[in-house]
Amino acid sequence: MSKRIFTLIELLVVIAIIAILASMMLPALQNARESARKIACLSNIKQLGTVFQLYQEDNQGFYIPHMSLNYDGSDTAWWPGLLMTNGYAKGAKFLFCPKNATNDMHGNLTHKAGLNLDKPTWSDWRYIDFGYNRNHIGSSKRYGVNSGSVGCLMYGSPAKNTMIKKPSKTIVAADTMHGVNTKRGWFQMNDVLPGSGAVNSIGPVATRHLGYANVLWADSHASSEKGTGNMSPGDELANMPNPYLVQPFNKISSNSIYDFWDRY
Ligand SMILES: [Zn+2]
């Protein structure tokens with residue numbers, strides 16, 4: 001006498017039902033993981049705000065320059081490296097977005113900087129995941145200063161915090177991508193989509209968190225801001241949504257009180 005409880009058909013039906021239920025759960029689990037990454041990234045960019053504040057307290061209220069020419073007599077110094085080498089933070093981990101954690105540069109740089117073994121080169125420091133509002137905050141590029149007119153600070157002096165008229169509505173830094181390798185971030189951020197349709201390496205805003213980018217504001221608060229679509233690291237450039245079509249990323253008239261990029 002057979003003691004089999006299920007027939008083979010019944011067993012297959014049960015397995016199929018379990019598979020269907022699991023596939024229904026999967027997107028919810030992925031969303032939960034992405035939300036956790038978005039929150040971890042927000043915490044990182046908030047920490048960057050604290051570090052910027054510390055720098056200002058020691059430097060008469062000036063923001064760190066985005067770039068300093070011939071800092072050590074031989075190379076160009078970028079702001080993330082300047083922060084680290086001047087002791088404003090112990091490790092470099094907060095300069096990265098958890099969504100880009102598989103990026104080789106991410107592992108390489110956090111390992112080197114975190115353990116303080118051999119220091120990253122100045123050029124390594126460009127491949128962090130947060131871009132700095134170079135044109136309005138990290139230099140005076142948008143205020144008529146060009147690269148040839150200053151010796152040490154490319155595009156002139158960074159902003160002083162008392163110059164910023166609307167600190168809670170002025171973007172200082174945000175999630176960015178490198179325009180050629182979309183798995184990487186970039187240390188500078190553009191206030192418009194670079195190029196005409198083609199995205200170049202002057203960091204476009206990256207809406208890598210389910211369509212949101214994390215933003216650091218001049219009053220040191222941080223928030224997640226929705227762009228016009230979700231980009232994923234590694235996507236083709238041609239398929240990237242243009243985040244600059246909606247506030248706060250779009251540039252409106254220079255007379256508007258809602259221009260989120262301008263110093264004044
Ligand atoms: Zn991020």
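These notes cover the structure that comes with them. Everything numeric here is computed off the predicted structure, so don't read it as measured data.

1. Comments concerning the overall build of the chain
Now for step 1: When its secondary structure is counted, the chain shows four helices and seven strands.
Now for step 2: Counting the 264 residues in the chain, one finds 39% classified as buried.
Now for step 3: A fraction of 59% describes how many contacts in the chain between residues 6 or more apart in sequence connect residues 24 or more apart.

2. Thoughts on the pairing of strand S4 (residues 171-175)
Now for step 1: Of all five residues making up S4, five are buried, and the element is well covered by its neighbours.
Now for step 2: Judged from the three bridges that link them, strand S3 (residues 130-133) and S4 form a sheet pairing that is antiparallel. Each bridged residue has a counterpart across the sheet, and for Tyr-132 the counterpart in S4 is Ala-173.
Now for step 3: As judged from the three bridges shared by S4 and strand S6 (residues 212-217), these two strands associate in the antiparallel manner. When the sheet's bridge partners are listed, Ala-174 is paired in S6 with Val-215.

3. Focus: the sheet that holds S3
Now for step 1: One open sheet holds the five strands; their spatial order is S5-S3-S4-S6-S7, and the pairing between them is mixed. Of all the strands in the sheet, just strand S5 (188-189) and strand S7 (222-226) have a single pairing partner and so form its edges.
Now for step 2: Across the sheet, helix H1 (residues 8-58) is in contact with S3, S4, S6 and S7; its angle to S6 comes to roughly 20°.

4. Overview of the nonpolar core
Now for step 1: Ile-45, Val-172, Ala-173, Ala-174 and Leu-216 are the most contacted members of the largest nonpolar core, which totals 52 residues.
Now for step 2: Those elements that place two or more of their residues in this core are H1, helix H2 (79-85), helix H3 (104-115), S3, S4 and S6.
Now for step 3: Tallying contributions element by element places H1 first for this core, with six residues.
Now for step 4: If sequence neighbours within four positions are ignored, Ile-45 has contacts with Phe-130, Ala-173, Asn-214, Leu-216 and Ala-222.

5. Remarks on H1
Now for step 1: The end-to-end C-alpha distance of H1 is 75 Å, a good match for the 75 Å that 51 residues give at a rise of 1.5 Å each.
Now for step 2: Of all the bends in H1, the greatest reaches close to 25° and is centred on Met-25; the proline Pro-27 follows between one and four positions later.
Now for step 3: Turning to H1, its buried residues are Lys-38, Cys-41, Leu-42, Asn-44, Ile-45, Leu-48, Phe-52 and Tyr-55.
Now for step 4: Those residues of H1 that are buried lie in contact with H2, S3, S4, S6 and S7.
Now for step 5: A positive backbone phi angle near 50° is found at Gln-60, which sits one or two residues after H1.

6. What to know about the pairing of S6
Now for step 1: With respect to burial, S6 is a largely interior element, six of its six residues being buried.
Now for step 2: Residue alternation in S6 divides its side chains into two sets, Tyr-212, Asn-214 and Leu-216 and Ala-213, Val-215 and Trp-217, and both sets are buried.
Now for step 3: Pairing of S6 with S7 involves five bridges; the strand directions are antiparallel. Looking at the pairing, Leu-216 lines up with Ala-222 of S7.
Now for step 4: Taking the residues between adjacent antiparallel strands as the criterion, S6 and S7 are bridged by four residues, where Ser-220 takes a positive phi near 75°.

7. Overview of the environment of Gly-156
Now for step 1: Within the secondary structure layout, Gly-156 lies in the loop between helix H4 (134-138) and S4.
Now for step 2: When the C-alpha positions of Gly-156 and Lys-141 are compared, they lie 6.8 Å apart, and in sequence the two are 15 residues distant.

8. Details of unusual backbone geometry
Now for step 1: That bond from Gln-247 to Pro-248 is cis: its omega, 5°, falls within 30 degrees of zero.
Now for step 2: In this structure, Pro-248 sits in the segment after S7.
Now for step 3: The residue Tyr-155 is not glycine, and still its phi comes out positive at about 65°.
Now for step 4: The phi torsion at Ser-220 lies on the positive side, around 75°, for a residue other than glycine.
Now for step 5: When you line up the elements, Ser-220 lands in the loop between S6 and S7.

9. Remarks on the environment of Leu-42
Now for step 1: You can see Leu-42 is positioned in helix H1.
Now for step 2: Note on Leu-42: 20 C-beta atoms within 10 Å, which makes it buried.
Now for step 3: Separated by 180 residues in sequence, Leu-42 and Ala-222 have C-alpha atoms that sit 6.6 Å apart.
Now for step 4: Those residues within four positions of Leu-42 in sequence are excluded, and the remaining contacts are Asn-214, Ala-222 and Ser-224.

10. Brief notes about the environment of His-178
Now for step 1: Mapping His-178 onto the fold places it in the loop between S4 and S5.
Now for step 2: For His-178, a count of 25 C-beta atoms within 10 Å gives the class buried.
Now for step 3: Taking C-alpha positions, His-178 is 10.0 Å from Pro-233, a pair spaced 55 residues apart along the chain.

Reading the values: rules and limits
- Once a new chain begins, its residue numbering starts again from 1 and follows that chain's sequence as written.
- The predicted nature of this model means local features are confined to residues of pLDDT at least 70 and side-chain atom pairs, given and counted, to a pLDDT of 80 or more, with totals for whole chains, interfaces and linings taken over all residues.
- Segments assigned H or I by DSSP are reported as helices when at least four residues long, segments assigned E as strands when at least two residues long, and all are numbered from the N terminus.
- The burial criterion counts other C-beta atoms lying within 10 Å of a residue's C-beta, which is placed from the backbone; the residue is buried at 20 or more, exposed at 12 or fewer, and partly exposed between these limits.
- Residue pairs qualify as contacts under a 7 Å threshold applied to their C-beta atoms, which are placed from the backbone.
- Two strands pair if DSSP finds at least two bridges between them.
- Axis angles are defined between N-to-C directions and span 0 to 180 degrees, where every axis is a line fitted to C-alpha atoms and, for a helix, only to the segment in contact.
- The term nonpolar core refers to a set of buried Ala, Val, Leu, Ile, Met, Phe, Trp, Tyr and Cys residues connected through C-beta atoms within 7 Å.
- Between the first and last residue of a helix there are one fewer steps than residues, each counted as 1.5 Å, and that sum is the expected span.
- To get the bend at any residue, fit one axis to the seven residues that end at it and another to the seven that begin at it, then take the angle between the two axes.

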